[in-house]
Amino acid sequence: AVVSTQSTGCLEAVVLAIYLTSELTGVNRFPIAFRSKFEGETYKHIVLGVHFNGRFGALGLSRRSTLMYKELRFKTLAELLHQYISCYRDCCHTVDRIKLGLPVSHDKQSMESILWKYMVIRPGRISDKDFTQHCDSFSRQLRGQTAHQMKYAKQSRDHANGNRPHSDNSDSSKKPLKNSR
């Protein structure tokens, strides 16, 4: 969780977007979290990625209009994420990490927790080709499996590779981060 003295409107907007789109059962919805750097400070931001009818877009809130809503027009997830990276660059920020979460249930009564971090992409550390391959891999899984199936597949892969599952709370000893809204 982001600890900040500023309001966390971007996270609240994602939760609201999840609620308001819950009846759109043909729409895949998944969290996209960005970590960026500007003048030595770290900032975090989150939007709700959406996939429908072969197109990607996003819903969100930000102080910067370019870092929130993205029309449902991107043919690939990589195109959508590259658009965000470009917008961050226009704000003099460098995106150093993108977390893609699992699809969110459409059941408003669901007690299933949201998995905010299923795949981590570090744009500055990999080639554009690898970036696109990671995005394409996530997209194929998004279209072909339920969130439960994706979570189970990840746990099985992690176990086979000898990796321990880690929680997002493992960085709790670090200093609080500012919100980039």
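Scope of this entry: the structure provided in the associated data block. (Residues numbered from 1 in each chain as written. Predicted model: local features only at pLDDT ≥ 70, side-chain atom pairs only at ≥ 80, totals over all residues. Heavy atoms only, no water.)

**Let's talk about a nonpolar patch on the surface**
Thinking step 1. On the surface, a cluster of nonpolar side chains totalling about 340 Å² of accessible area is made up of Leu16, Tyr19 and Leu20.
Thinking step 2. Secondary-structure assignment places Tyr19 in helix α1 (residues 9-20).
Thinking step 3. Overall, the relative accessible area of 48% leaves Tyr19 in the partly exposed class. (Patch = residues over 30% accessible without salt bridge, like charges linked within 9 Å, V, L, I, M, F, W, Y side chains within 5 Å. Areas by Shrake-Rupley, 256 points an atom, 1.4 Å probe, with all protein chains shown as cover. Salt bridge = Lys/Arg side-chain N within 4 Å of Asp/Glu carboxyl O. Helix = DSSP H or I, 4+ residues; strand = E, 2+ residues; numbered from the N terminus. Buried < 20%, exposed > 50% of the residue type's maximum accessible area, 1.4 Å probe, protein only.)

**Quick word on the nonpolar core**
Thinking step 1. Counting residues in hydrophobic clusters, the biggest one holds 27 residues, and the most contacted among them are Ile32, Phe34, Leu77, Leu81, Ile98 and Leu100.
Thinking step 2. Secondary structure elements with two or more residues in this core: β1 (28-38), β3 (55-59), α2 (77-90), β5 (94-100), β6 (119-121) and α3 (128-144).
Thinking step 3. Examining the composition of this core, we find that eight residues originate from one element, α2, more than from any other.
Thinking step 4. Once you skip the residues sitting within four places of it in the chain, Ile32 turns out to touch His45, Ile46, Val47, Gly49, Leu80, Leu81, Ile98, Lys99 and Leu100.
Thinking step 5. Cys10, Val14, Leu48 and Val104 belong to the second-largest nonpolar core, a separate cluster that totals eight residues. (Core = buried A, V, L, I, M, F, W, Y, C linked by side-chain atoms within 4.5 Å. Contact = heavy atoms within 4.5 Å.)

**A short note on the packing of aromatic side chains**
Thinking step 1. Taken as a whole and judged by the stated rule, the model has five aromatic pairs.
Thinking step 2. Aromatic pair Phe30 and Phe56: ring centres 6.4 Å apart, planes at 80 degrees, arrangement edge-to-face. With Phe30 in strand β1 and Phe56 in strand β3, the pair connects residues that are 26 residues apart, well separated along the chain.
Thinking step 3. An aromatic cluster is present here, built from Phe30, Phe56, Tyr118 and Phe138 joined pairwise through their rings.
Thinking step 4. A cation over a ring is seen here: Lys70 above Tyr84, with NZ or CZ 5.0 Å from the ring centre. (Phe/Tyr/Trp six-rings, centres within 6.5 Å; stacked < 30°, edge-to-face > 60°. Lys NZ or Arg CZ within 6 Å of the ring centre and 35° of its normal.)

**Considering the packing of α2 against α3**
In a packed pair of helices, the relevant descriptors are the angle between the two axes and the axis-to-axis distance.
Thinking step 1. Interhelical geometry of α2 versus α3 gives an angle of 125 degrees and a closest axis separation of 8 Å. With respect to their mutual orientation, α2 and α3 come out oblique. Residues Leu77, Ala78, Leu81, His82 and Ile85 of α2 pack against Asp128, Phe131, Thr132, Cys135, Phe138 and Ser139 of α3.
Thinking step 2. Class assignment of the residues belonging to the contact of α2 with α3 gives a composition of seven nonpolar, three polar and one charged. (Axes fitted to C-alpha atoms, helices over the stretch in contact; angles between N-to-C directions. Parallel < 35°, antiparallel > 145°, perpendicular 65-115°, else oblique. Nonpolar A, V, L, I, M, F, W, Y, C, P; charged D, E, K, R; others polar.)

**With respect to α1**
Thinking step 1. End to end, α1 covers 16 Å across 12 residues, agreeing with the expected 16 Å (1.5 Å per residue, within 8%).
Thinking step 2. Within the sequence span of α1, burial applies to Gly9, Cys10, Ala13, Val14, Ala17 and Ile18. (Expected span 1.5 Å × (residues − 1).)

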